[in-house]
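# Architecture at a glance
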Amino acid sequence: MNFNKVCVLGLGYIGLPTASTFATHGLQVIGVDINPEVVQTLQNGGLHIQEPGLRTLVQAALRSGNLSIRNQPQEADAFIIAVPTPFYEDKKADLRAVSAAAAAIAPYLRKGNLVVLESTSPPRTTMDVVAPLLEQSGLKSGIDFHLAYVPERVLPGQILRELIENARVIGGVDRASAEAGRELYRLFVRGELILTDATTAEMVKLMENTYRDVNIAIANEFARLADRFGVDIWEAIALANRHPRVNILQPGIGVGGHCISVDPWFLVEAAPDLARLIRTARMVNDEQPAFVVDIIRRSVGDLRGLNVAALGLSYKADVDDVRESPAIAVCQQLLQAGAKVRAFEPNRVHIKVEGVPTAQSLEEALQDAALMVILVAHQPFRTFDPATIAKMMPGRLVVDAVNLLDEWHWEAEGFRVVKLGSPSKD
Ligand code: SAJ
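Keep in mind the model is a prediction, meaning the values are calculated, not measured.

### Points about the overall build of the protein
Of regular secondary structure, the protein possesses 17 helices and 13 strands. Relative to the globule expectation of 22 Å for 426 residues, the C-alpha radius of gyration of the protein, 24 Å, shows essentially globular dimensions. Each principal axis of the C-alpha atoms in the protein carries an extent, and together these give about 70 × 50 × 40 Å. Within the protein, the fraction of its 426 residues that count as buried is 53%. Residue pairs in contact within the protein that sit at least 24 positions apart in sequence constitute 72% of those at least 6 positions apart. Surface accessibility of the protein: about 18,700 Å² in total, with carbon and sulfur atoms responsible for 51%. Treating the 42 positive side-chain charges of the protein as one cloud and the 50 negative ones as another, the clouds have centres 1 Å apart.

Quick look at the structure:
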């Protein structure tokens, strides 16, 4: 197949880098988003999301003249759907964006085209939801046009590198569709391109993130057990991981982001009678912010009226993305318990979070703080100097939920350091 023109629907963390990378590899790319603010920002040379290297890539793509940003699809050789699949309150997958994108493509679909779904979706979505919507064009998937499910696997923070280097699973509704998908992604992917069917590819994607969720859940549960037994979880994990077949992940404040905290629910929804471990792991991770608040409560007694500087609001270290962030859950629970919280996110200093007071600088966050709680292991927090921090805050208590600080160093400056999953020293 010859791909000259690609239309990418959804210009978020996956769609925008993908569209730009195709453009810098010589394809004509139409990047489509239904959000007029996103379209306008990009058309004016701005960026609505943060990701290392993305600005340079998008600018190069626009400068090449190969990438144009639109609010509607156009005819193309291939269409890629990279829109979000969140869930509803009851944890059922919200496929409205996927369905709307498929319906928007149908009028532009021509014989011989390839359509790819990249959005993480419950098993059978490509076959049962996307194919029928595209077939409203009068064309048949697997006969008149190719249709494939190709999950993205990039790690936020490393997207540009992983987009090119990672292996990709390409699941076609038939063999020819998978082969067409391989030809498209071969244009820039250096990792292996592995062909399978669409439903297997959907399941593979969900298994990858569910596997990680369950493994983080056991790390979090181990941290609670260590807390009860007076064991330092960080030391215990380091020792257990000396076993050649053990690799325990890091406990923390819970699991956030739009992938791992969402995707396992798609399996639970699809087979609630079977996905019991998966559901429990989800619940363990969702309860972790409450465990963090409990640690803080045990350290100070009464939370009412306590001035807390909460450092880090994003869902993980060194990103600006706050979707499903457990750090926000910790702040909300502290506020509910009567604490006065000032949160600070160094990767997004002007952030506004409903119901959570934020500071625009570290100084502002710390100025009245009786307690500093580190919620996310951001790079700038690693180099905190306790003597400098001591001048910025009146209190001398630090709760380190992510094992970031060298407690001896801080204790020498008069701080009391309480670590998640580590016995209190007094
Ligand atoms: N976390 C821990 N302990 C750990 C590792 C992570 O508590 O040891 C927490 C993080 O702080 C964060 C959450 O888990 O809140 C998820 O972070 P992550 O870095 O594990 O993953 P994501 O959500 O940023 O990206 C994942 C990746 N999937 C896997 O590693 C299996 C990525 O490759 C996927 O492309 C991405 O989901 C996605 O889009 O599905």
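Still to come is the rest of the account.
### Considerations on the sheet that holds strand E11 (residues 371-374)
If you trace the five strands from one edge of the open sheet to the other, you get E10-E9-E11-E12-E13, paired in parallel fashion. For this open sheet the edge positions go to strand E10 (340-344) and strand E13 (416-419), each flanked by a neighbour on one side alone. Across the sheet, the mean angle from the axis of one strand to that of its neighbour is 20°, orientation sign disregarded. Across four bridges, strand E12 (residues 397-400) lies against E13 in parallel orientation. Each residue of the ladder has a partner; that of valine 398, found in E13, is valine 417.

### Observations regarding the site of the ligand
In the neighbourhood of the ligand, 19 residues make up the surrounding shell, with Glu152, Lys205, Arg212, Cys259 and Tyr315 lying closest. Lysine 205 is positioned with one of its side-chain polar atoms (N or O) 2.5 Å from an oxygen atom of the ligand. Here an oxygen atom of the ligand and a side-chain polar atom of asparagine 209 are 2.7 Å apart. Notes on the ligand: free accessible area 770 Å², of which the protein chains cover 85%. Taking a 2 Å distance to the grid points as the criterion, the majority of the atoms of the ligand fall inside the largest pocket. Split into classes, the residues belonging to the shell around the ligand amount to nine nonpolar, four polar and six charged.

### Details of the layout of surface pockets
By volume, the largest pocket amounts to about 1,200 Å³. Around the largest pocket sit 44 residues that line it, and Arg212, Ile216, Ile260, Tyr315 and Lys316 are the ones nearest its centre. For the lining of the largest pocket, the element with the most residues is helix H8 (residues 198-229), which contributes eight residues. Of the residues in the lining of the largest pocket, the class split is 22 nonpolar, 14 polar and eight charged. Considering only enclosed or pocket space, the second largest pocket measures out at about 850 Å³ in volume. Around the second largest pocket sit 36 residues that line it, and Gly10, Gly12, Ala82, Val83 and Pro84 are the ones nearest its centre. Examining the composition of the lining of the second largest pocket, we find that four residues originate from one element, helix H4 (residues 96-105), more than from any other.

### Side note on the sheet that holds strand E6 (residues 146-149)
Pairing is mixed across the open sheet formed by eight strands, whose spatial order is E3-E2-E1-E4-E5-E6-E7-E8. Because the sheet does not close on itself, it has two edges, and the strands there are strand E3 (67-70) and strand E8 (193-197). Averaged over neighbouring strand pairs, the angle between their axes works out to 25° when direction is ignored. Pairing analysis gives four bridges linking strand E1 (residues 5-9) to strand E4 (residues 78-81), with the strands arranged parallel. Each residue of the ladder has a partner; that of cysteine 7, found in E4, is phenylalanine 79.

### Some words on the packing of aromatic side chains
Evaluation of the coordinates by the stated rule reveals five aromatic pairs. Summarising the aromatic geometry, the rings of phenylalanine 22 and phenylalanine 188 are spaced 4.8 Å apart at their centres and angled 80° between planes, so their arrangement reads as edge-to-face. In this pair, phenylalanine 22 is assigned in helix H1 (residues 15-24) and phenylalanine 188 in the loop between helix H7 (175-185) and E8, connecting sequence segments 166 residues apart. Here phenylalanine 22 matches phenylalanine 188 in class, with each residue buried. Ring centres 5.3 Å apart and planes at 35° place the aromatic pair phenylalanine 381 and phenylalanine 384 in the tilted group. For phenylalanine 381, a relative accessible area of 1% puts it in the buried group. Judged by relative accessible area, phenylalanine 384 falls into the buried class, the value being 13%. Taken together through their ring pairs, the aromatic side chains of Phe22, Tyr185 and Phe188 make up a single cluster. When the ring centre of phenylalanine 291 is taken as reference, the NZ or CZ atom of arginine 224 above it lies at 5.8 Å.

### Details of a nonpolar patch on the surface
Together, Ile218, Phe222, Leu225, Phe229 and Val231 line one region of the surface with nonpolar side chains, adding up to about 430 Å² of accessible area. Counting through the fold element by element, valine 231 comes out in the loop between H8 and helix H9 (233-240). Classification of valine 231 as partly exposed rests on a relative accessible area of 34%.

What counts, and at which threshold
- Residues numbered from 1 in each chain as written.
- Predicted model: local features only at pLDDT ≥ 70, side-chain atom pairs only at ≥ 80, totals over all residues.
- Heavy atoms only, no water.
- Helix = DSSP H or I, 4+ residues; strand = E, 2+ residues; numbered from the N terminus.
- Rg over C-alpha atoms; globule rule 2.2 N^0.38 Å.
- Buried < 20%, exposed > 50% of the residue type's maximum accessible area, 1.4 Å probe, protein only.
- Contact = heavy atoms within 4.5 Å.
- Areas by Shrake-Rupley, 256 points an atom, 1.4 Å probe, with all protein chains shown as cover.
- Lys, Arg positive; Asp, Glu negative; His and termini not counted.
- Charge placed at Lys NZ, Arg CZ, Asp CG, Glu CD.
- Pairing = 2+ DSSP bridges.
- Axes fitted to C-alpha atoms, helices over the stretch in contact; angles between N-to-C directions.
- Near = heavy atom within 4 Å.
- Polar contact = N/O pair within 3.5 Å; in protein donor to acceptor, adjacent residues only side chain to side chain.
- 1 Å grid on protein atoms, 1.4 Å probe; cavity = no way out; pocket = protein on both sides within 12 Å on 5 of 7 lines; lining within 4 Å.
- Sits in = over half its atoms within 2 Å of the grid points.
- Nonpolar A, V, L, I, M, F, W, Y, C, P; charged D, E, K, R; others polar.
- Points joined across faces, edges and corners; volume = space filled by probe spheres on them.
- Phe/Tyr/Trp six-rings, centres within 6.5 Å; stacked < 30°, edge-to-face > 60°.
- Lys NZ or Arg CZ within 6 Å of the ring centre and 35° of its normal.
- Patch = residues over 30% accessible without salt bridge, like charges linked within 9 Å, V, L, I, M, F, W, Y side chains within 5 Å.
- Salt bridge = Lys/Arg side-chain N within 4 Å of Asp/Glu carboxyl O.

Function cannot be inferred from these measures alone, as they are strictly geometric.
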